Amino acid sequence: MSLDLFNVKDKIALITGSTHGLGLAMAKGLGLAGATLVLNGNSSQDKIDKAVSECKAEGIKAVGYKFNVAEESEVIAAISKIEAEVGPIDILINNAGIIKRTPLLDMEVSDFKAVVNIDLVSPFIVSKHVVKNMVKREQGKVINICSMMSELGRSNVGAYAAAKGGLKMLTQNMATEWAKYNIQVNGIGPGYFATSQTAPIRVDGHPFNDFIISRTPAARWGNPEDLQGATIFLSSKASDFVNGHIVYVDGGILATIGKPANE
Ligand code: GCO
Ligand code: CA
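All of these numbers come straight from a predicted model, not from anything done at the bench. (Residues numbered from 1 in each chain as written. Chains lettered and ligands numbered in written order. Predicted model: local features only at pLDDT ≥ 70, side-chain atom pairs only at ≥ 80, totals over all residues. Heavy atoms only, no water.)

(A) Spotlight on the confidence of the model for the protein. For the protein, mean pLDDT is 96; residues scoring 70 or higher make up 99% of the total. Element-level pLDDT for the protein is lowest in helix 6 (residues 199-202), with a mean of 89, against a maximum mean of 99 in strand 4 (residues 91-94). Among the scores for the predicted complex, ipTM is 0.86 and pTM is 0.96. (pLDDT = per-residue confidence, 0-100. Helix = DSSP H or I, 4+ residues; strand = E, 2+ residues; numbered from the N terminus.)

(B) Spotlight on the environment of Ala199. Relative to the assigned elements, Ala199 resides in helix 6. By relative accessible area, Ala199 is classed as partly exposed at 33%. Residues Ala199 and Asn209 lie ten residues apart in sequence; the distance between their C-alpha atoms is 9.8 Å. (Buried < 20%, exposed > 50% of the residue type's maximum accessible area, 1.4 Å probe, protein only.)

(C) Region of the structure containing the site of ligand 1. Around ligand 1, the structure places 14 residues, and the nearest of them are Arg101, Arg154, Tyr160, Pro190 and Gln197. Contact distances for ligand 1 include 2.6 Å between an oxygen atom and a side-chain N or O atom of Arg154. A distance of 3.4 Å is found between an oxygen atom of ligand 1 and a backbone nitrogen or oxygen belonging to Gly191. Across the complex, the protein chains shield 96% of the 340 Å² of accessible surface that ligand 1 would expose by itself. (Near = heavy atom within 4 Å. Polar contact = N/O pair within 3.5 Å; in protein donor to acceptor, adjacent residues only side chain to side chain. Areas by Shrake-Rupley, 256 points an atom, 1.4 Å probe, with all protein chains shown as cover.)

(D) Representation of the pattern of salt bridges within the structure. Scanning all chains against the criterion turns up nine salt bridges. Among the salt bridges present, the one from Glu54 reaches Lys28, with a minimum N-O distance of 2.6 Å. Within this pair, whereas Glu54 is found in helix 2 (residues 45-57), its partner Lys28 is found in helix 1 (residues 21-32), the two being separated by 26 residues in sequence. Lys28 sits in the buried class, given a relative accessible area of 12%. Close ionic contact of Lys28 with Glu58 constitutes a salt bridge, the shortest N to O distance being 2.9 Å. On the criterion of sequence distance, the pair formed by Lys28 in helix 1 and Glu58 in the loop between helix 2 and strand 3 (62-66) is long-range, its members being 30 residues apart. Overall, the relative accessible area of 39% leaves Glu58 in the partly exposed class. (Salt bridge = Lys/Arg side-chain N within 4 Å of Asp/Glu carboxyl O.)

(E) Summary view of the environment of Ala62. Tracing the backbone shows Ala62 in strand 3. Since its relative accessible area comes to 6%, Ala62 is described here as buried. Along the chain, Ala62 and Ala35 lie 27 residues apart, while their C-alpha atoms are 8.8 Å from each other. Residues within four places of Ala62 in sequence aside, it is in contact with Leu37, Val52, Cys55 and Lys56. (Contact = heavy atoms within 4.5 Å.)

(F) Layout of the pairing of strand 2 (residues 36-41). Of all six residues that make up strand 2, six are buried, and the element is covered over most of its length. Of the two faces of strand 2, the one carrying Thr36, Val38 and Asn40 and the one carrying Leu37, Leu39 and Gly41 are both buried. Relative to strand 2, strand 1 (residues 12-15) runs parallel, the two being bridged by four bridges. Paired with Ala13 across the strands is Leu37, a residue of strand 2. Since strand 1 and strand 2 lie parallel, the crossover through helix 1 that links them has a hand, and here it is right-handed. Bridge count between strand 2 and strand 3: five bridges; the pairing is parallel. (Pairing = 2+ DSSP bridges. Right-handed = clockwise from strand over helix to strand, strands pointing away.)

(G) Summary view of the packing of helix 4 (residues 109-137) against helix 5 (residues 158-178). Relative to each other, helix 4 and helix 5 sit at 20°, their axes nearing to 8 Å. With respect to helix 5, the axis of helix 4 lies roughly parallel. Crossing of helix 4 against helix 5: the hand is right-handed. Within the contact between the two elements, helix 4 uses Phe112, Val115, Val116, Asp119, Leu120, Pro123, Phe124, Ser127 and Val131 and helix 5 uses Gly158, Ala159, Tyr160, Ala162, Ala163, Lys164, Gly166, Leu167, Leu170, Met174 and Trp178. Along the lines of polarity and charge, the residues of the contact of helix 4 with helix 5 split into 15 nonpolar, three polar and two charged. (Axes fitted to C-alpha atoms, helices over the stretch in contact; angles between N-to-C directions. Parallel < 35°, antiparallel > 145°, perpendicular 65-115°, else oblique. Left-handed = near helix turned anticlockwise from the far one by under 90°. Nonpolar A, V, L, I, M, F, W, Y, C, P; charged D, E, K, R; others polar.)

(H) Representation of unusual backbone geometry. Phi angles above zero are rare outside glycine, and Asp10 is one such case at about 65°. By the secondary structure assignment, Asp10 is in the segment before strand 1. In the Ramachandran plot, Ala219 falls in the positive-phi region, its phi being about 60° despite a non-glycine side chain.

Shown next, in the form of structure tokens:
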């Protein structure tokens, strides 16, 4: 077996929402394997510049572009700029996402729509405009970042679960429509990871912290680096006949019903 199967050297990868957290960790995985990274964020140029320098300090080739993944006109302009200035995008990771933890009965419709807009509509917008060009080149990799909530419900995250469940089906539909162009569309479903997004529910003594540890067969939170293997697999030739799968990197959560307190 040759590791060449997993080669992503000199591939260009656009990772949305990659200034921190899982997005940046997945990006770095590809970058350390030799890909050129196009990082993205929308909150501040400063955060993007910081992430780019952090990558460069680790010997990774990286540039950054600020745009709002939910605004089609901004996406169109950014993609043509990226392809003109950096080169053709070989790998797209739709990672940008938000969460609002509110019981459905208390949730404003505008908040529900905001979550669906970023977590579900945006991957459609960005993919549409990146994949148009991949079709011409007859190759490409798209990875949609799903969630445990693509499969499971949980109190207070209804809008997020609706969007992430939808993203799983969007992944299968994209795979269905684009496989014939030699474009593989798959997803990664992270389990519970130690990031800023989960910081409020991860603090010591918080009941959710103990719940996750006991609910996860691996008995720990994921480290963002735990996602790098799946990212490289789904970005490389190794996955050229893998279409429409969600790879759950979850320490076994979806494999089990859980366990009683005394086990
Ligand atoms: C929550 C968490 C999740 C995770 C993750 C699980 O409140 O339940 O924040 O939504 O972030 O997506 O896979
Ligand atoms: Ca399933």
